[in-house]
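What follows is each chain in one-letter form.
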Amino acid sequence: MSDITTEAEVILVTGGAGFLGAHLCRKLLTQGHQVICVDSFLTGSEENLDSLQAHPNFSVIEHDIINPLPNNLYPTQIYNLACAASPRRYQADPIHTIRTCVQGVFNLLELAVEQNARILQASTSEVYGGPKEHPQHESYHGNVNPVGIRSCYDEGKRCAETLMSDYARTRDVKAKIARIFNTYGPGMAPDDGRVVSTFICQALQGKALTVYGDGSQTRSLCYVDDMIEGLILLMNSVETFRGPVNLGNTEEISILDIARRVCGLARQKTNVEFRPLPADDPGLRCPDITLARHHLHWKPKVLFDDGLKKTYEHFSQRMEKGTLASSPM
Ligand code: UDP
């Protein structure tokens with residue numbers, strides 16, 4: 001993907017101080033756009049924005065999207081990445097999570113109507129719940145527990161997809177829905193409990209890696225640069241293509257295998273401690289990306305071992321600099 005586009009847009013990135021959001025802001029700036037990052041800083045961090053703050057086309061607004069957006073914003077594109085995304089974080093305040101997904105998306109859609117802006121919603125593989133179809137195609141409607149501890153996120157994101165679709169159908173909003181599968185890479189929060197960052201931090205600290213259940217559950221992990229490319233391609237795809245579209249890697253891997261590979265990078269013998277599997281933890285997850293390949297000509301390029309090495313090196317440098325403040329469980 002070229003780093004220079006011909007038409008500069010004014011782009012609002014909500015959740016821009018989060019892991020994916022900050023990578024997206026950086027990429028959009030290199031493409032010559034004006035980027036406004038909106039973040040509540042509940043889970044996003046200033047540190048993620050350090051290298052962007054001085055950029056002349058970049059600005060930051062501290063704001064929680066559950067409240068209507070300030071009325072002096074004139075975006076031509078809106079990426080909504082605002083929501084705690086790790087199970088530990090989104091379960092910490094489940095009512096706020098569902099308000100972010102529903103009220104927040106409603107507020108952004110109203111802004112999109114007012115400004116005639118394109119809007120992309122970061123949805124999730126969690127809409128498939130504990131899938132009974134494998135791999136998951138977009139036509140599969142999922143198997144979600146509406147009253148479980150993951151429901152605030154899963155059902156919230158499902159409702160957000162409904163809102164996006166209804167605004168597109170009834171208010172002509174140019175809406176795009178990306179179903180994002182597990183993504184990893186430099187800049188992940190060290191303490192939000194996600195499997196890759198947790199394992200790497202544990203290995204760097206010489207601790208046992210905490211494997212939940214027997215570690216046979218699988219995920220397919222997409223390197224962050226690939227994911228950002230997919231999101232930008234979707235936003236700029238033909239107006240008639242709304243999605244939802246799966247974005248993720250198709251290389252499926254068990255959690256125990258991830259633990260083994262991280263220990264390998266740390267040049268340690270595999271050192272794991274088994275813990276109980278959290279409720280509703282999906283046993284399998286892998287996207288069917290036929291739709292993205294066809295409509296966006298997109299597929300992930302980074303192999304898991306290569307991406308994991310880059311991520312490991314990033315955390316290792318943060319540890320040397322002493323910026324790996326919190327110690328994961
Ligand atoms: N997991 C684990 N140990 C950890 C953190 C996560 O075994 O310290 C497992 C978790 O139970 C799940 C998978 O790794 O099966 C991915 O968890 P994560 O929180 O990264 O994302 P999820 O896909 O569940 O949203």
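Keep in mind the model is a prediction, meaning the values are calculated, not measured.

Asker: Looking at this model, I keep getting lost on the overall build of the protein. Mind explaining?
Answerer: Helix and strand counts for the protein stand at ten helices and 13 strands. A globule of 329 residues ought to have a C-alpha radius of gyration of about 20 Å, and the protein, at 19 Å, matches this closely. Structurally, the protein occupies a C-alpha span of about 55 × 45 × 35 Å along its principal axes. Across the 329 residues of the protein, 53% fall into the buried class. Here the contacts in the protein between residues at least 6 apart in sequence split such that 80% fall between residues at least 24 apart. Of the roughly 14300 Å² of accessible surface on the protein, a fraction of 51% belongs to carbon and sulfur atoms.

Asker: Mind showing me how you'd approach the pairing of strand β6 (residues 175-180) here?
Answerer: Each regular strand carries side chains that alternate between the two faces of the sheet. With respect to burial, β6 is a largely interior element, six of its six residues being buried. Across the two faces of β6 the burial is the same, with A175, I177 and R179 and K176, A178 and I180 all buried. Taken together, the six bridges between strand β5 (residues 118-124) and β6 define a ladder with parallel strand orientation. The partner of L120 across the bridge, within β6, is K176. Bridge count between β6 and strand β11 (residues 245-247): three bridges; the pairing is parallel. Its bridge partner lying in β11, I180 is registered against L247.

Asker: What's the story with helix α4 (residues 94-115) in this structure? I'm lost.
Answerer: Each α-helix turn comprises 3.6 residues. Residues three or four places apart therefore point the same way. Here α4 spans 31 Å end to end across 22 residues, near enough to the 32 Å set by a 1.5 Å rise per residue. If you look at α4, its biggest bend is around 30°, right at T100. Among the residues of α4, H96, T97, T100, C101, G104, V105, N107, L108, L109, L111 and A112 are the ones counted as buried. Residues of α4 that are buried sit in contact with β1 (10-14), β4 (77-80), α3 (87-92), β5 and α5 (151-171). One or two positions beyond α4, positive phi appears at N116, with a value near 50°.

Asker: Whenever I open this one, the packing of aromatic side chains confuses me. Can you help?
Answerer: Two numbers describe a pair of aromatic rings. These are the distance of the centres and the angle of the planes. If you walk through the whole model with that rule in mind, you get six aromatic pairs. Seen in terms of ring centroids, F106 and Y167 are 6.4 Å apart; in terms of plane orientation they differ by 75°. Their pairing is edge-to-face. Here F106, found in helix α4, pairs with Y167, found in helix α5; they are 61 residues apart in sequence, far enough to count as distant. When its relative accessible area of 37% is taken as the criterion, F106 is described as partly exposed. Measuring from centroid to centroid gives 5.3 Å for Y184 and F304, while their planes differ by 70°, and the two rings are edge-to-face. Taken together, the residues Y184 in strand β7 (residues 183-184) and F304 in helix α10 (residues 304-321) connect sequence positions 120 residues apart. Residue classification places F304 among the buried positions, given a relative accessible area of 3%. What links up through ring pairs into an aromatic cluster is the set Y128, Y140 and F181.

Asker: How should I be thinking about the packing of α4 against α5 in this particular structure?
Answerer: A pair of packed helices can be characterised by two numbers: the angle between their axes and the separation between those axes. Interaxial distance between α4 and α5 falls to 8 Å at its minimum, and their mutual angle equals 15°. In terms of orientation, α4 lies roughly parallel with respect to α5. Remark: the crossing between α4 and α5 carries right-handed chirality. Between α4, through P94, T97, I98, C101, V102, V105, F106, L109, E110 and V113, and α5, the contact on the second element is made entirely by C152, Y153, G156, K157, C159, A160, L163, M164, Y167 and R171. Here the contact of α4 with α5 is built from residues that sort into 15 nonpolar, two polar and three charged.

Asker: What's the story with the pattern of salt bridges in this structure? I'm lost.
Answerer: Should the charged atoms of two oppositely charged side chains come close, the side chains can pair. Under the defined criterion, the tally for this structure stands at 15 salt bridges. Note that E126 and R150 form a salt bridge whose closest N and O atoms lie 2.5 Å from each other. Note that E126 is positioned in the loop between β5 and α5 and R150 in the loop between β5 and α5, a separation of 24 residues in sequence. On the basis of relative accessible area, E126 is assigned to the buried category, the value being 4%. For R150, a relative accessible area of 6% translates into the label buried.

Asker: Could you clarify how one ought to interpret the site of the ligand in this entry?
Answerer: The environment of the ligand is made up of 18 residues, and the closest members are T210, Y212, R219, D281 and R285. One nitrogen or oxygen atom from the side chain of R285 is found 2.7 Å from an oxygen atom belonging to the ligand. Counting atoms within 2 Å of the grid points, the majority share of the ligand lands in the second largest pocket. Elements with a contribution of two residues or more to the shell around the ligand: α6 (195-204) and β8 (209-212).

Asker: When you look at the side chain of T14 in this model, what are you seeing that I'm missing?
Answerer: Relative to the elements of secondary structure, T14 occurs in strand β1. On the accessibility criterion, T14 (0% relative accessible area) is buried. A distance of 2.7 Å separates the side chain of T14 from the side chain of N80, its partner in a polar contact.

Each value, and the rule that gives it
For every chain, the first residue of the written sequence is number 1, and numbering continues from 1 along that sequence. This being a predicted model, a pLDDT of at least 70 is required before a residue's local features are given, and a value of 80 or more before pairs of side-chain atoms are given or counted; all residues contribute to the totals for chains, interfaces and linings. Hydrogens are left out, water is left out, and the side-chain values use all remaining heavy atoms of the structure. Each helix corresponds to a stretch of at least 4 residues labelled H or I by DSSP, and each strand to a stretch of at least 2 residues labelled E; elements are numbered beginning at the N terminus. Values of the radius of gyration come from C-alpha atoms, whereas the globule rule sets the reference at 2.2 Å times the count of residues to the power 0.38. The cut-offs for exposure are 20% and 50% of the maximum accessible area for each residue type, with area from a 1.4 Å probe on protein chains only; residues under the lower value are buried, those over the upper are exposed, and the others partly exposed. Whether two residues are in contact is decided by their heavy atoms, any of which lying within 4.5 Å being enough. A 1.4 Å probe and the Shrake-Rupley method give the accessible areas. Residues count as covered only by the protein chains that appear here. In this scheme, strands are said to pair when DSSP sees at least two bridges between them. An expected span of 1.5 Å times one less than the residue number is assigned to each helix. The angle separating two fitted axes, one through the seven residues that finish at a residue and one through the seven that start at it, defines the bend at that residue. Within 6.5 Å between ring centres, the rings of Phe, Tyr and Trp (the latter by its six-membered ring) count as paired, and their orientation is classed by plane angle as stacked under 30 degrees, edge-to-face over 60, tilted in between. Lines fitted to C-alpha atoms define the axes here, with helix axes fitted over just the stretch in contact, and angles between the N-to-C directions of these axes take values from 0 to 180 degrees. For classification purposes, angles smaller than 35 degrees are called roughly parallel, those larger than 145 roughly antiparallel, those between 65 and 115 roughly perpendicular, and all remaining angles oblique. Rotating anticlockwise by less than a right angle from the far helix to the near helix defines a left-handed crossing, while the corresponding clockwise rotation defines a right-handed one. Three classes are used, and their members are as follows: Ala, Val, Leu, Ile, Met, Phe, Trp, Tyr, Cys and Pro are nonpolar, Asp, Glu, Lys and Arg are charged, and the others, Gly among them, are polar. The term salt bridge refers to a pairing of a side-chain nitrogen on Lys or Arg with a carboxyl oxygen on Asp or Glu at a separation within 4 Å. If even one non-hydrogen atom of a residue comes within 4 Å of a molecule or strand, that residue is called near it. Counted as a polar contact is a pair of N or O atoms within 3.5 Å, where, for protein atoms, one must be capable of donating a hydrogen and the other of accepting one, and residues adjacent in sequence contribute only when both atoms are in side chains. Using protein atoms alone on a 1 Å grid, points that fit a 1.4 Å probe yet trap it form a cavity, whereas open point sets bounded by protein on both sides within 12 Å along at least five of seven lines form a pocket; residues with an atom within 4 Å of a point count as lining. Placement in a cavity or pocket follows one criterion, namely that more than half of the molecule's atoms lie within 2 Å of its grid points.

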